[in-house]
Amino acid sequence: MGESDIMVSIQHLSKSFGETEVLRDVSVDVKRGEVVVVLGPSGSGKSTMLRCINLLEKPTGGHIFIEGQEITAPGTDVDKLREHVGMVFQQFNLFPHLSAKKNVMLAQRKVLKRSEQDAERIALEQLDRVGLADRADFLPAALSGGQQQRVAIARALAMDPHVMLFDEATSALDPELVRGVLDVMRSLAEAGMTMVVVTHEMGFAREVADRVIFMEGGVIVEEGSPSEVFDHPKNDRTKDFLGHIK
Amino acid sequence: MNRPPSMIRRIIGYVFAVVFIIAGWWITALLVNSPALPTPAATVGVLAQNAPTLVPYFWTSAYRVIVSLVIGTALAVPIAHIFARSRTLDALFAPVLYLLYPIPKVVLLPILLVLLGLADAPKIALISLTVFFQVLVAVRDSVKIVPESAVLSIRSLGGSRWDEYLHVVIPATMPAVFTSLRIGVGTAIAVLFIAEAMAGSTGLGYFIMQSWSMVNYPRMFAGIIALALLGVVLYAIFDVIERRLTRWRS
């Protein structure tokens, strides 16, 4: 496997908040086009790991490479890096004063300096991709939570990310709205997007993941294909966690 | 959307309110039966009659309140943002704010009169100070409750610190600015009245108290109505601006 096949490389990552160690010596490689699902109880460090990938959290130790470039090196252009790393959060955080289309256009205009026409065309394409072409002119307050989250996904996709990070993207949604968002994520995976997904949706993990990572207490406890982790977990803590979920 | 019906409903609401207030005033005036409280009908005549003398007093008062609201807000908003964003400064100044906020600023009037004279300056200083604290506290608190996740979102899109303010923090705190201003108008007018009544020979506060000492109750009442109108108009202006700027909240 060549260097260029590795999209994200996390090497011996550690992170502490004051005295509390949240991540301890975590190493993960994510290949181009791979979908990695990260599972684990709350407080296991999953979200922190995800946030380290686009430096929303600053690692205390270790190295992270994106497409072969070390982002943890001093003097990294953080804004440049973030252009290639899309992220979707549990809270959708759309700009409440802007329509769905304008939400998707804003960062394209300000950060990528695209022209008004290009930004609008791409915004409409991305909204269509998440199934919301007919909601382009709606304000966030007029959309359901699931629709808002899909706009947030379109907003991230419009920046042409090379990798997408999902931080519990469906956890804040009513159960009946979860499916629409998961469908969008599934179609992204099928289109070959590299994805790192923190979720509690076991069905999604089983069907869509190429690889499943189970974390607890800031370390990777187990990893493997979905069938290895779900059907034949080797570690007792993984078994325990999966037992509780079912 | 359903703008027309809600607009009509609002107008009906205001018409009802005006009728209700005038009816209440009329009944009270008849019951009290004192020259100090004329009926609405008598007041209209008195207002018309006193309008020429009243108008310059009205503009003096309006000028003072508006300038004070602008100064107070212009100072409070940036400071509120700085406090809310800097943990060190906030830790340092929060206790100061906590101790100063509840002090009725109007008690400082005598000091300001000694320092700044009897004209506009002490009144503007006093009202600005009152408005400053109200806006400062409201905006600082509203900046603090902007969810961290909203800021992370725009950062993850490659937005700069400036984008963060322009597109997330400032829109989120806009309602607090206007709510504190609307509440502030009432206090500002009250402080204005006291300041003008106590010192100088200009403004509606002076006009009202002068009429009172001359036992010219209709004239006094015309002044009171003018001061009330000033408050209502300013309140309504802020309300309209707020609606315009925060239309997305509906």
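Note that the coordinates shown come from a computational prediction; the quantities given were computed from them, not determined experimentally. The numbering scheme is per chain: residues are counted from 1 as the chain's sequence reads. In the order they appear in the text, chains get letters beginning with A and ligands get numbers beginning with 1. Per-residue local features are limited, in this predicted model, to residues with pLDDT of at least 70; the limit for side-chain atom pairs, both in listing and counting, is 80 or more; totals at the level of whole chains, interfaces and linings are taken over all residues. The basis for every side-chain value is the complete set of non-hydrogen atoms in the structure, without hydrogens or water.

1. Things to note about the nonpolar core
For soluble globular proteins, the rule of thumb is that nonpolar side chains tend to be buried together. By size, the foremost hydrophobic cluster in this structure holds 50 residues, and its most contacted members are L39(A), I153(A), M164(A), F166(A), M185(A) and M195(A). Of the residues forming this core, the biggest block, seven residues, is contributed by helix α6 (residues 175–190) of chain A. Setting aside chain neighbours within four positions, we find M195(A) in contact with E34(A), V35(A), V36(A), M164(A), F166(A), M185(A), L188(A) and A189(A). What makes a nonpolar core is a set of buried Ala, Val, Leu, Ile, Met, Phe, Trp, Tyr and Cys residues whose side-chain atoms join them at distances within 4.5 Å. Under the scheme applied here, a residue whose accessible area is under 20% of the maximum for its type counts as buried, over 50% as exposed, and between as partly exposed, the area being computed with a 1.4 Å probe on protein chains only. If you look at the next biggest cluster of nonpolar residues, it comprises 45 residues, including F133(B), V135(B), L204(B) and F207(B). Counting from the N terminus, the helices are DSSP H or I runs at least four residues long and the strands are E runs at least two residues long. The criterion used for residue contact is that any of the two residues' heavy atoms lie within 4.5 Å.

2. Overview of the domain arrangement of chain B
Many descriptions give the size of an interface as the accessible area lost when the pieces come together. All names here are of chain B. Per the domain assignment, the segments of chain B are domain 1 (1–33) and domain 2 (39–249). Boundary definitions for the domains trace back to an automatic or database domain assignment. Summarising the inter-unit geometry, the C-alpha centres of domain 1 and domain 2 are found 26 Å apart. Contact residues are listed per partner, giving eight residues for domain 1 and nine residues for domain 2. Buried area counts how much accessible surface, traced with a 1.4 Å probe, disappears from two parts once they are put together, with both parts' losses summed. Between domain 1 and domain 2 lies a buried interface of about 620 Å² when both sides are counted; carbon and sulfur atoms form 73% of it. Every case where a carboxyl oxygen of Asp or Glu lies within 4 Å of a side-chain nitrogen of Lys or Arg is listed as a salt bridge. At the boundary of domain 1 and domain 2, one finds zero salt bridges. When the residues that make up the side of domain 1 that touches domain 2 are grouped by side-chain class, the tally is six nonpolar, no polar and two charged. Ten residue types, Ala, Val, Leu, Ile, Met, Phe, Trp, Tyr, Cys and Pro, are classed as nonpolar, four, Asp, Glu, Lys and Arg, as charged, and the remainder, Gly among them, as polar.

3. What to know about the side chain of R150(A)
All names here are of chain A. With respect to the helices and strands, R150 occurs in helix α5 (residues 145–157). D134 provides the closest opposite charge to the buried, unpaired R150, separated from it by 7.1 Å. Here a polar contact means two N or O atoms within 3.5 Å. Within protein one must be a hydrogen donor candidate and the other an acceptor candidate, and residues neighboring in sequence count only if both atoms are side-chain atoms. In terms of polar contacts, R150 uses its side chain to reach the backbone carbonyl oxygen of V130, at 3.1 Å. Beyond its immediate stretch of four places on either side in the chain, R150 contacts V130, G131, L132, G180, V181 and V184. Positive residues here are Lys and Arg, negative ones are Asp and Glu, while His and the chain termini are left out of the count.

4. Some thoughts on the sheet that holds strand β6 (residues 85–88) of chain A
In sheet architecture, strand pairing relies on hydrogen bonds along the backbone and comes in two forms, parallel and antiparallel. All names here are of chain A. Pairing between strands requires that DSSP locate at least two bridges from one strand to the other. The strand order across the open sheet formed by six strands is β6-β7-β8-β3-β9-β10, and the pairing between neighbours is mixed. Each having just a single partner strand, β6 and β10 (219–224) make up the two edges of the open sheet. On average, each strand axis in the sheet is inclined to that of its neighbour by 20 degrees, with strand direction left out of account. Both strand β3 (residues 35–39) and strand β9 (residues 211–216) contribute to a ladder of four bridges, which runs parallel. Within the sheet, the bridge partner assigned to V36 lies in β9 and is R211. Lines fitted to the C-alpha atoms define the axes, with helices restricted to the stretch that makes contact. Angles between their N-to-C directions range from 0 to 180 degrees. Against the sheet, helix α1 (residues 46–53) touches β3, β6, β7 (163–167), β8 (194–198) and β9, its axis set at about 150 degrees to β7. Packed on one face of the sheet, α5 meets β6 and β7 and runs near 170 degrees to β6.

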